[in-house]
Amino acid sequence: MALLTDDRTAGRTSHRPAPGGTRRWWTTRRRDHLAGYLFIAPQLVGSVLFVLIPLGLVVWYSLHEWNVLADTFDFVGAENYRAMADDPNLPGVLRATALFSVGLVALNLSLALFLAVLLNQRLRGTAFFRVLFFSPVVVSLVAWTIVWGFLLQDNGGINGLLDTVGVDGPNWLRGDATAMLSVIVVQVVKNVGLNMVLFLAALQGVPGELYEAARVEGAGRWTQFRRITVPLISPTILLTSIITVVGSLQVFAQIAVLTQGGPGSSTTVLVYYLYQQAFQFHHFGYGATISVLLFLLVLALTVVQWQMRKRWVFHEQ
Amino acid sequence: MRARTTAAIAVAALLGLTACGSGDGGAGDDGPVTLRMTTWSANEAHVKLFDEIAEEYKKTHPNVTAITFDAIPFENYTTTLTTQIAGGNPPDLAWVLENAAPDFVSSGALLPLDDTLKGTDGYQFDELAPAATKLWQADGKLYGYPFSTSPFGIFVNTDLVKAAGAQSPAELIAANQWSWENAAKLASAVNAKTGKAGLVVRDFDYKGWDNLSTVWTGWGAQAWSADGKTCGFDKPEMVEAMRFLHDATFTDKAFPGPGTTADFFAGEAGLTITQISRASLLKDAKFGWDLVPLPTGPKGGYAVIGQGGLGVLKKGKHAEVAADFLAFFTNPTNSAKLAQFFPPPRTSLLTTETLAKTNPLLKPEQLQAVVIDGISTGVVKPSHTGQAELSQAVRSALDPLWKPDADVPAVLAGVCTAINPLLAK
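Fair warning: this is a prediction, and the values are worked out from it, not measured in the lab.

How each quantity is defined
Residues numbered from 1 in each chain as written. Chains lettered and ligands numbered in written order. Predicted model: local features only at pLDDT ≥ 70, side-chain atom pairs only at ≥ 80, totals over all residues. Helix = DSSP H or I, 4+ residues; strand = E, 2+ residues; numbered from the N terminus. Rg over C-alpha atoms; globule rule 2.2 N^0.38 Å. Buried ≥ 20, exposed ≤ 12 C-beta atoms within 10 Å, placed from the backbone. UniProt positions renumbered as here; feature names shortened; annotations may be inferred. Pairing = 2+ DSSP bridges. Contact = placed C-beta atoms within 7 Å. pLDDT = per-residue confidence, 0-100. Domains from an automatic or database assignment. Right-handed = clockwise from strand over helix to strand, strands pointing away. Core = buried A, V, L, I, M, F, W, Y, C linked by C-beta atoms within 7 Å. Axes fitted to C-alpha atoms, helices over the stretch in contact; angles between N-to-C directions. Parallel < 35°, antiparallel > 145°, perpendicular 65-115°, else oblique. Left-handed = near helix turned anticlockwise from the far one by under 90°. Nonpolar A, V, L, I, M, F, W, Y, C, P; charged D, E, K, R; others polar. Expected span 1.5 Å × (residues − 1).

## Here we look at the overall build of chain B
Move 1: Helix and strand counts for chain B stand at 17 helices and 11 strands.
Move 2: Radius of gyration (C-alpha) of chain B: 24 Å, near the 22 Å computed for a compact globule of 425 residues.
Move 3: Based on the C-alpha atoms only, the size of chain B along its principal axes is roughly 80 × 55 × 40 Å.
Move 4: The 425 residues of chain B split such that 46% are buried.

See below:
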């Protein structure tokens, strides 16, 4: 703020002729500008080099047919986009992506909120459970997924456990429905802790008097949750839902390790399909086209969520 | 003004990046040269031998200051290699898997090797077995040296076979009864009596379907016609072969089902189909074992081979030096050394005496039956241009087959529907 104020006064002084009649070039305003640019320079350079330029290049690549082995890079205009419109695999891929995202977001947010409400009680042992549910967040994603891969095998740990209670478990990663469910659950258990912590922080910011007043008015627990808790933590719900939706559209490692997009193509989500097209089938141009689609999808969903916040987020009316 | 400057910087940076990515092949062979070869083996003994050969080469070629062997995990080998090429960081030399051979050979990514190899003193180019080099040629030129031509055989855990109270493969071979039907019965008995897996087709795992060619070739089936244009999955011989596999898996439990892992080399399976180069994993085996040829199918005896080729990337910085090193790496003397790990394509080395010297774990009759006969008569695992995409389409379309109630002919017809557009490309 000080910088802005100085800026205005400095702006006025800079137009005044300096003593001696010549205009001073090295003004406070210019100095402030330079300082500002220097402060943001590291972040700006990083963003330009690693975000903006690659983003531009991806769009550029999507207009080309790029054969890495033959070393050809031919401009084909909108050909890749036309091919995408006619791609017989794409509807299935988008369906799998939508199924994964909806399943993940619904399960992750509801479980995270449920755990946060439970662990917000003043009871013995809540610290232990907070650590327990948060710890998967800091575990390496691939290591986590590989271990789950073993557990979910037909002769793996989960079916072994089910067997002890007389249940014949399904072949989790080989059935169309169970494979998708498994990937979702593995991802939810991995990341639910992060949203749980965010919800916990939000819950602790809700003033206790409100609940007290509600109790005096005769509101039950469910009404208190619906009328007080949810509205007051709605900014956090918005934040977590944006993060989770964006994250769900970018899922890759779990699919690559657990199912490789199978059985059939039931778990081939957009990013995995992009990887197959570009890096396995060597269609780098088409792969770039799919990433443009992914970028637009993420952008559109985020914009929609942002716009909708006015309807339901408490502080935004 | 500021906007224009920013745009100029962005364009300059972009051009800079693209320039980095374009590579500068062929230049600078006069100065100090470093070579990099990508492989899929981090095996200590392999790397030690490669380093020894490289050291020797450097003695006579002082301009070559370093030769490194860059091991990439086998599962993602081709993907990683292609990504390195796309990223403007191609290796000078690369191992190429047989299923990627048509793509690499036909695309022009590799340097033709004939002139360099023929021009190298004492190379004996003519003794390379035509069956081994066929896959690596295009328009009469050789683009990859098939450094490993490794036949598939069946390793047997004789302890488990004994525990199952069944006749061993060796006894079945002696009685001229080593057929797929009897092999499946044996595997089924091992599973029923010992609780261990019967027969494991290694690296298949209900994904790497090309490994099943070690079975269906016995029925005379093939994934596609020799010219690569016609799908072979819906042909009657393939339907019969797949029906056999399906029943053996789900009815007789001769093969472990989908989602079940069993490692033969850890003593978890009675038999396994794999390449003989895996014999080194049995050095410290805690069980008795044998190596036998693949059983006969309804069409009689057969052999299947997997190959690895070594090629020089045209886009590499020192392609010519790399080709010269390839000629040294694979000359008769070094081929003989490499033969202890990788069955060579040189006919003079394909004798039981030579192979026995370097493969102490295998008996002369095993080497004759599996290696030498296998290389001369073997069918190479299926490969095609655009293999990765084809392979994925087949895997995906075959998935419904791996259920107990699958309709075998319908699933196989579906495979052809899925891959016909790709074969027609």
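## Here's the deal with the UniProt feature "domain: ABC transmembrane type-1" (unreviewed entry) in chain A
Move 1: Those places that UniProt annotates as "domain: ABC transmembrane type-1" (unreviewed entry) correspond, in this numbering, to residues 94-305 of chain A.
Move 2: Along residues 94-305 of chain A the backbone is 77% helical and 0% strand, and the end-to-end C-alpha distance reaches 20 Å.

## A few points about the pairing of strand β1 (residues 64-67) of chain A
Move 1: Of the two faces of β1 of chain A, the one lined by His-64 and Trp-66 of chain A is fully buried and the one lined by Glu-65 and Asn-67 of chain A carries no buried residue.
Move 2: If you look at the hairpin formed by β1 of chain A and strand β2 (residues 72-75) of chain A, you'll find 4 residues sitting between the two strands, and Asp-71 of chain A has a positive phi there, around 60 degrees.

## Some words on the interface of chain A and chain B
Move 1: Counting residues at the interface gives 26 residues for chain A, matched by 29 residues for chain B.
Move 2: For the side of chain A that touches chain B, the secondary structure elements donating two or more residues are α2 (28-61) and α12 (270-280) of chain A.

## Re the confidence of the model for chain A
Low-confidence regions, as indicated by low pLDDT, have predicted coordinates that should not be scrutinised in detail.
Move 1: For chain A, per-residue confidence averages 88 on the pLDDT scale, and residues scoring 70 or more make up 92% of the total.
Move 2: Here residues 1-15 of chain A is modelled with pLDDT under 50, and outside its nearest four sequence neighbours on either side it reaches 14 contacts, counting other chains as well.

## Let's talk about the UniProt feature "transmembrane region" (unreviewed entry) in chain A
Move 1: In this numbering, the UniProt entry assigns the feature "transmembrane region" (unreviewed entry) to residues 34-63, 98-119, 131-151, 179-203, 236-257 and 284-304 of chain A.
Move 2: As annotated, residues 236-257 of chain A has a helix share of 86% and a strand share of 0%, and its two end C-alpha atoms lie 32 Å apart.

## Regarding the domain arrangement of chain A
Move 1: On domain assignment, one finds that chain A holds domain 1 (26-54) and domain 2 (90-316).
Move 2: On a C-alpha basis, the centres of domain 1 of chain A and domain 2 of chain A stand 36 Å from each other.

## Observations concerning the confidence of the model for chain B
Residue and element names in this part refer to chain B.
Move 1: The share of residues in chain B with pLDDT of 70 or more is 92%, and the mean pLDDT across the chain is 88.
Move 2: When pLDDT is averaged over each helix and strand of chain B, the minimum, 42, is found for helix α1 (residues 2-22) and the maximum, 97, for helix α11 (residues 236-250).
Move 3: Low pLDDT (under 50) marks residues 1-28, which in the prediction has 23 contacts with non-local residues, meaning those over four places away or in another chain.
Move 4: Here the predicted complex scores 0.83 on pTM and 0.80 on ipTM.

## Section: the pairing of strand β1 (residues 33-39) of chain B
Looking down a regular strand, the side chains alternate between one sheet face and the other.
All names here are of chain B.
Move 1: Taking burial as the measure, the 7 residues of β1 include 6 buried ones, the bulk of the element.
Move 2: Alignment of β1 against strand β2 (residues 64-71), held across 7 bridges, turns out to be parallel. Residue pairing in the sheet places Val-33 in a bridge with Val-64 of β2.
Move 3: In this view, the connection linking β1 to its parallel neighbour β2 by way of helix α2 (residues 44-60) has right-handed handedness.
Move 4: Looking at chain direction, β1 and strand β3 (residues 93-97) are connected through 2 bridges and run parallel. Residue pairing across strands places Met-37 opposite Leu-93, the latter belonging to β3.

## Regarding the nonpolar core
Move 1: With 167 residues, the main nonpolar core has Val-269 of chain A together with Val-312 and Leu-326 of chain B as its most contacted residues.
Move 2: The greatest single-element share of this core, amounting to 11 residues, is contributed by helix α8 (residues 176-204) of chain A.
Move 3: Contact partners of Val-312 of chain B, with chain neighbours within four places excluded, come to Asp-92, Leu-93, Leu-110, Leu-111, Leu-113, Ala-319, Ala-322, Ala-323 and Leu-326 of chain B.

## Topic: the packing of helix α4 (residues 90-119) of chain A against α8 of chain A
Residues and elements named next belong to chain A.
Move 1: Interhelical geometry of α4 versus α8 gives an angle of 40 degrees and a closest axis separation of 7 Å. Taken as axis vectors, α4 and α8 run oblique relative to one another. Regarding α4 and α8, the two cross each other, and that crossing is right-handed.
Move 2: For the contact of α4 with α8, the residue count by class is 21 nonpolar, 5 polar and no charged.

## Considerations on helix α17 (residues 408-423) of chain B
Side chains of residues three or four places apart in an α-helix project in the same direction, reflecting 3.6 residues per turn.
Residue and element names in this part refer to chain B.
Move 1: With 16 residues, α17 should cover 22 Å at 1.5 Å per step; its first-to-last C-alpha distance of 22 Å lies within 8% of that length.
Move 2: Among the residues of α17, Val-411, Leu-412, Val-415, Ala-418, Ile-419, Leu-422 and Leu-423 are the ones counted as buried.
Move 3: Along its buried surface, α17 packs onto α11 and α16 (387-398).

## Description of the packing of helix α5 (residues 126-138) of chain A against α8 of chain A
Residues and elements named next belong to chain A.
Move 1: Packing of α5 against α8 leaves a shortest axis separation of 7 Å and a crossing angle of 115 degrees. Both α5 and α8 take part in a crossing whose hand is left-handed. Between α5, through Phe-133, Phe-134, Pro-136 and Val-137, and α8, the contact on the second element is made entirely by Val-189, Lys-190, Asn-191, Val-192, Gly-193, Leu-194, Met-196 and Val-197.
Move 2: Across the contact of α5 with α8, the residue classes break down as 9 nonpolar, 2 polar and 1 charged.

## A word on α12 of chain A
Move 1: For α12 of chain A, a buried count of 10 out of 11 residues is recorded, marking the element as mostly surrounded by other parts of the structure.
Move 2: Where α12 of chain A is buried, its residues meet α4, α10 (221-249), α11 (253-258) and α13 (284-312) of chain A together with α3 (77-86) and α16 of chain B.
Move 3: Following α12 of chain A by one or two positions, His-282 of chain A has its phi on the positive side, about 65 degrees.

## Some details on unusual backbone geometry
Comment: phi is negative for the bulk of residues other than glycine, and the bulk of peptide bonds are trans.
Move 1: Note that the residue after Gly-262 of chain A, namely Pro-263 of chain A, is joined by a cis bond; omega there is -5 degrees.
Move 2: Residue Asn-176 of chain B is not a glycine yet carries a positive backbone phi of 60 degrees.
Move 3: Looking at the secondary structure, you find Asn-176 of chain B in the loop between α8 (169-174) and α9 (180-194).
Move 4: Residue Asn-176 of chain B is classed as exposed on the basis of its C-beta count, with 8 C-beta atoms lying within 10 Å.
Move 5: Unlike most non-glycine residues, Asp-203 of chain B shows phi in positive territory, near 70 degrees.
Move 6: Among the structural elements, Asp-203 of chain B can be located in the loop between β7 (197-201) and α10 (213-216).

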